[in-house]
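Structure assessment
This is what each chain is made of:
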Amino acid sequence: MQLPPTVTERAFARLAEINEDAQTPRALRIAVEGGGCSGFQYDIKLEETSAEDDIVLEGRGQRVLIDAVSLPFLENAVIDFTDELIGARFVIENPNAASSCGCGVSFSM
């Protein structure tokens, strides 16, 4: 049985801030694609609608979408938000990744 990723309270809070003044609230889409310097890369973007086969994770009135193809790559991962000196961004702590690049956007399995 696959365990879906967990979304931290901090990530949901940041998504709520993003959507605070939006006429149409957007969901955070997390996808895994081939490419990047390590073989796979994360595609993180905001979307207004979900697809029929999306897994929807909800919290604080916000939604995180993950397509069915990406789900096995994100099993038991943690989706978080970090605000550091080098910048603020959504990050993924993925226990399935054997290695990752320095920027944390691409990984190998």
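The rules behind these values
- Each chain has its residues counted from 1, running along the sequence as written.
- Two thresholds apply to this predicted model, a pLDDT of at least 70 for residue-level local features and 80 or more for giving and counting side-chain atom pairs, whereas whole-chain, interface and lining totals are computed over all residues.
- To get the side-chain values, take all heavy atoms of the structure and skip hydrogens and water.
- Basic side-chain nitrogens of Lys or Arg form a salt bridge, by our definition, when they fall within 4 Å of a carboxyl oxygen of Asp or Glu.
- To qualify as a helix, a DSSP run of H or I must reach at least 4 residues; to qualify as a strand, a run of E must reach at least 2; elements of each kind are numbered from the N terminus.
- Only Phe, Tyr and Trp rings are paired, with Trp represented by its six-membered ring, and only when their centres lie within 6.5 Å; those with planes under 30 degrees apart are stacked, over 60 edge-to-face, the remainder tilted.
- For every residue, the accessible area (1.4 Å probe, protein chains only) is compared with the maximum for its type, and the residue is labelled buried under 20%, exposed over 50%, or partly exposed between those bounds.
- Residues adjacent in sequence count toward polar contacts only when both atoms are side-chain atoms; beyond that, a polar contact is any pair of N or O atoms within 3.5 Å, and within protein one must be able to donate a hydrogen and the other to accept it.
- Two residues form a contact once any of their heavy atoms are found within 4.5 Å.
- If DSSP finds at least two bridges between two strands, the strands pair.
- In these notes, a set of buried Ala, Val, Leu, Ile, Met, Phe, Trp, Tyr and Cys residues joined through side-chain atoms within 4.5 Å is what counts as a nonpolar core.

Points about the pattern of salt bridges
Under the counting rule described, the total for this entry stands at 7 salt bridges. Across the pair Glu-17 and Arg-14 runs a salt bridge, and its minimum N-O distance is 3.1 Å. Here Glu-17 pairs with Arg-14, and both are found in helix α1 (residues 9-19), just 3 residues apart, close to one helical turn. When salt bridges that share partners are traced, they join Arg-29, Asp-43, Lys-45, Glu-47 and Asp-54 into one network.

Observations concerning the packing of aromatic side chains
For any pair of aromatic rings, geometry is given as the distance between the ring centres together with the angle between the planes. Tallying each qualifying case throughout the model produces 2 aromatic pairs. Summarising the aromatic geometry, the rings of Phe-81 and Phe-90 are spaced 5.2 Å apart at their centres and angled 65° between planes, so their arrangement reads as edge-to-face. Neither Phe-81 nor Phe-90 differs from the other in exposure class; each is buried.

Looking at the environment of Ile-44
Checked against the element boundaries, Ile-44 lands in strand β3 (residues 40-47). Overall, Ile-44 belongs to the partly exposed group, its relative accessible area being 31%. In this structure the C-alpha to C-alpha distance between Ile-44 and Ile-30, which are 14 residues apart in sequence, comes to 4.8 Å.

Some remarks on the side chain of Asp-54
Structurally, Asp-54 can be placed in the loop between β3 and β4 (55-59). You can call Asp-54 buried: its relative accessible area is 11%. Separated by 2.6 Å, the side chains of Asp-54 and Arg-29 make a polar contact. Among residues more than four places away in sequence, those in contact with Asp-54 are Arg-29, Leu-65, Ile-66 and Asp-67.

Section: the pairing of strand β5 (residues 62-66)
Most of β5 sits inside the fold, with 4 of its 5 residues counted as buried. Counting the residues that bridge the hairpin from β4 to β5 gives 2 residues, and of these Arg-60 lies at a positive phi of roughly 55°.

Things to note about the nonpolar core
Counting residues in hydrophobic clusters, the biggest one holds 18 residues, and the most contacted among them are Ile-30, Val-64 and Ile-79. Secondary-structure elements contributing two or more residues to this core are α1, β2 (27-34), β5, β6 (78-84) and β7 (87-93). Residues within four places of Val-64 in sequence aside, it is in contact with Val-7, Phe-12, Leu-15, Leu-28, Ile-30, Ile-55, Val-56, Leu-57 and Ile-79.

Everything listed is a geometric property; what it means functionally is a separate question.
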